[in-house]
Amino acid sequence: MKGFDYIVVGGGSAGCIVAARLVKESNARVLLLEAGSGDYHPVLKMPAGYMKYLASDKYLTMHQTQPQPQLDGRGVIVPQAKVLGGGSTVNAMVYMRGHRQDYAEWNSALRHTGVDWSWEALLPHFTAIEDNDHLGAPSHGVGGPLKVSHLGHFSPLSRAWVKTMQALGIPYTPDFNTGNPFGVGFMQHTIDWRTRKRCSVVDAFIAPLRDDSRLVIETEAQVEEILFEGTEARGVRYRRHGVTHHAEASKETILAAGAYQTPKLLMLSGVGPQDHLAERGIALRHHLPGVGRNLQDHYEVPVVATTRGAFGYYGQDRGWPMIKAGIEYLLFKTGPVTTTGVETCAFFDPLDFSATPTIQMFCVPTVYLDRDVMGRDPGHGVTINSLLLRPKATGRVTLRDAHPASLPVIDTQIFGHPDDLARTLAGFNFARGVMAASPIADMIEHEIFPGAEVTGDEAIAAHCKRMVKTGYHPVGTCRMGHEQDPMAVVSADLRVRGLEKLRVVDASVMPNIISGNTNAAVMAVAHRAADLIARRERVVEETRRAEVSL
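A. Broad picture of the overall build of the protein chain. Within the protein chain one finds twelve helices and 26 strands. A compact globule built from 550 residues should have a C-alpha radius of gyration of about 24 Å, and the protein chain, at 23 Å, falls within 12% of that. Considering only C-alpha atoms, the protein chain reaches an extent of 80 × 50 × 45 Å along its principal axes. Every one of the 550 residues in the protein chain was classed for burial, and the buried ones make up 61%.

See the structure below:
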């Protein structure tokens, strides 16, 4: 039995930050367990490199969701990172915090008791993490470990799209991260502006501790069960390279495996809905009906058109264009390699520009669709994705069986609420209108998905059901809540209700999804969680000393 102060399960954005802070600031001995690999191809360090692996199983687990009746029986692919650093190692590097109202709703779910999760309370954690290339106080941080910058290259299509959106009444905004994302502009990314390389949580938080004996990292380690003594979590059992190991945590076991794997591990350990565990032959440790419920994600639908010329990035990843771009990047850190290919976005409500945004719209300067819906070869073109920010339908994560190696069952419930499809239709129609407006209309040849002949709500709805895809932002399956909330899994300080020395610190604790890409919010939650853990430990120590003095 290996002994540690803390065990952190999951080496993604949340797990790496919590582990690093506990080691560095609390002088704790920490075991960080990651099911994925600790090594990845150097191309992932290049801003454009992640696109090579979007459809690959090498660093992603491709979950196939349950067939969705409301999508005419279609099951959607929902990937999850399987590499140290998690999403921050393989994602598109967008740095987006969401809307202050999102966090007000978190506090509302907690009935404004206990820990404050408002925008104002989380802002110091956002800024403490950040080292921004050109933005400063009060909204941004300078000198933090995570490098944030604008991209080094923008395509003509991206520039034209931003101008077109302004012509249609969407104002330009230079910064989406002040708590009120509205308008159109160029996104910030977790890229080091000095080297023009990705800045993952591994780079920012783990690399400085590589030689610190207090931090033990084991990759390709599949955690199979949380070990308990009564209601107290004592550690974990995990399997690595075919060998079973046991590790003990004297202070806490911390779950940071993400919105799919964290509820799966809890249920495998007997913590979850009693009836479901009985169906899978798992002995009940603690009945928590909310485990695996409240799954939320962002969902997007594309409009795709070919262009009259090479205004985007098609063909830049092969042949002479790739060689030329690679040389430019290596010599000068400029050119197409310094972009993620998703350079701009807009936040708005297509039905009312004065309302809180309901859509995040992206302009992708190529023909790009997920591998399960791609109906033609990529080419010169543009893809405008309309992403639903606040879906009303919620899904669930359940166990396939009692075997730790089995993937969980994911039921997304995309368009499970009629308002979600209606709002998506409004976003789609607006995106189609954008393509018909100048100056971007001058670059467009013709629409290919779904095609100009597809009109009317019924036909467009059919297109949405066929083409809708994940925004890669699953949250909510172990959500925070107040003491009288029967579906809450964790308390305001992220401790699992009814159990001791067990905490969840990842995206699954969010009561509602934020309005934007989720990685920045996950990092802020984890940074805050480290403070909560340290505060709890101080209380425990003070109590112990008081008892000794008596």
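B. Spotlight on unusual backbone geometry. Between Ala137 and the following residue, Pro138, the backbone shows a cis peptide bond with an omega angle of 5 degrees. Checked against the element boundaries, Pro138 lands in the loop between β6 (130-132) and β7 (146-148). The residue after Ser438, namely Pro439, is reached through a cis peptide bond having omega 10 degrees. With respect to the helices and strands, Pro439 occurs in the loop between α10 (418-435) and β24 (444-449). Unusually for a residue other than glycine, His241 sits at a positive phi of about 55 degrees. By the secondary structure assignment, His241 is in the loop between β14 (232-240) and β15 (243-255). Accessibility expressed as a relative area gives 56% for His241, which makes it exposed.

C. Fine view of the nonpolar core. Counting residues in hydrophobic clusters, the biggest one holds 88 residues, and the most contacted among them are Val18, Val30, Trp106, Trp117, Leu266, Leu494 and Leu502. Excluding residues that lie within four positions of it along the chain, Val30 makes contacts with Phe4, Tyr6, Val8, Ala19, Leu22, Val23, Arg214, Leu215 and Val216. Membership of the second largest hydrophobic core comes to 64 residues, among which are Phe186, Leu387, Val434 and Ile460.

D. Focus on the pattern of salt bridges. Inspection of the entire model under this criterion finds 25 salt bridges. Residues Arg21 and Glu25 are paired through a salt bridge, measuring 2.7 Å at the closest nitrogen-oxygen approach. Here Arg21 pairs with Glu25, and both are found in helix α1 (residues 13-26), just four residues apart, close to one helical turn. For Arg21, a relative accessible area of 9% gives the class buried. Salt bridges sharing partners connect three or more residues here, namely Glu232, Arg234, Glu248 and Lys501.

E. Region of the structure containing the pairing of β15. Looking at chain direction, strand β1 (residues 2-9) and β15 are connected through seven bridges and run parallel. Of the residues in β15, the one forming a bridge with Lys2 is Ala247. The pairing of β14 with β15 spans six bridges and is classified as antiparallel. Its bridge partner being in β15, Val236 is matched across the sheet by Ala247. The antiparallel hairpin formed by β14 and β15 contains two residues in its connecting segment, where His241 sits at a positive phi of about 55 degrees. For β15 and strand β26 (residues 502-504), the ladder comprises three bridges, and the chain directions are parallel. Within β26, the position partnered with Ile254 by the bridge is Arg503.

F. Geometry of the packing of α10 against helix α11 (residues 457-467). Contact geometry of α10 with α11 gives a least axis separation of 10 Å together with a crossing angle of 100 degrees. The pairing of α10 with α11 is recorded here as roughly perpendicular in orientation. Across the interface between the two elements, Leu421, Thr424, Leu425, Phe428, Asn429 and Arg432 of α10 pack against Asp457, Ile460, Ala461, His463, Cys464 and Lys465 of α11.

G. Quick look at a nonpolar patch on the surface. A grouping of Trp320, Met322, Ile323, Ile327, Leu331 and Phe332 is seen on the molecular surface, where their side chains present a nonpolar patch of about 680 Å² in accessible area. Within the element layout of this structure, Leu331 appears in helix α9 (residues 319-332). The class for Leu331 is exposed, based on a relative accessible area of 59%.

H. A look at the packing of aromatic side chains. By the definition in use, this model includes eleven aromatic pairs. Pairing Tyr103 with Phe126 gives two aromatic rings, centres 6.4 Å apart and planes at 75 degrees, and the pair type is edge-to-face. Note that Tyr103 is positioned in helix α3 (residues 100-109) and Phe126 in helix α4 (residues 119-129), a separation of 23 residues in sequence. With relative accessibility at 0%, the residue Tyr103 sits in the buried group. Each ring, one from Phe353 and one from Phe430, has its centre 6.0 Å from the other, and the planes form 75 degrees; the classification is edge-to-face. Of the two residues, Phe353 sits in the loop between β19 (344-348) and β20 (359-364) while Phe430 sits in helix α10, which places them 77 residues apart along the sequence.

I. Inspection of the packing of α3 against α4 at higher detail. For the pair α3 and α4, the least separation of the axes is 9 Å and the interaxial angle reads 115 degrees. Facing α3, whose interface residues are Arg100, Tyr103 and Trp106, α4 presents Trp119, Glu120, Leu122 and Phe126. Its residues assigned to classes, the contact of α3 with α4 shows five nonpolar, no polar and two charged.

J. Structural view of the pairing of β1. Taken across its eight residues, β1 has six buried, putting it largely inside the fold. In terms of strand pairing, β1 meets strand β2 (residues 30-33) through four bridges, oriented parallel. Across the sheet, the residue bridging to Ile7 is Leu31, located in β2. As a crossover connection, the stretch from β1 through α1 into β2 is right-handed.

K. Structural context of α3. Along α3, the positions that sit buried rather than exposed are Asp102, Tyr103, Trp106, Asn107 and Ala109. Down the axis of α3, the buried side of the element spans an arc of 160 degrees, and every buried residue falls inside it.

L. Representation of α11 in the model. All buried positions along α11 are accounted for by Ile460, Ala461, His463, Cys464 and Met467. Projection of α11 onto a plane perpendicular to its axis shows the buried side chains occupying an angular sector of 155 degrees, all on one side. Buried residues in α11 make contact with β18 (299-307), α10, β24 and β25 (469-470).

Analysis parameters
Residues numbered from 1 in each chain as written. Predicted model: local features only at pLDDT ≥ 70, side-chain atom pairs only at ≥ 80, totals over all residues. Heavy atoms only, no water. Helix = DSSP H or I, 4+ residues; strand = E, 2+ residues; numbered from the N terminus. Rg over C-alpha atoms; globule rule 2.2 N^0.38 Å. Buried < 20%, exposed > 50% of the residue type's maximum accessible area, 1.4 Å probe, protein only. Core = buried A, V, L, I, M, F, W, Y, C linked by side-chain atoms within 4.5 Å. Contact = heavy atoms within 4.5 Å. Salt bridge = Lys/Arg side-chain N within 4 Å of Asp/Glu carboxyl O. Pairing = 2+ DSSP bridges. Axes fitted to C-alpha atoms, helices over the stretch in contact; angles between N-to-C directions. Parallel < 35°, antiparallel > 145°, perpendicular 65-115°, else oblique. Patch = residues over 30% accessible without salt bridge, like charges linked within 9 Å, V, L, I, M, F, W, Y side chains within 5 Å. Areas by Shrake-Rupley, 256 points an atom, 1.4 Å probe, with all protein chains shown as cover. Phe/Tyr/Trp six-rings, centres within 6.5 Å; stacked < 30°, edge-to-face > 60°. Nonpolar A, V, L, I, M, F, W, Y, C, P; charged D, E, K, R; others polar. Right-handed = clockwise from strand over helix to strand, strands pointing away. Arc of directions from axis to C-beta.

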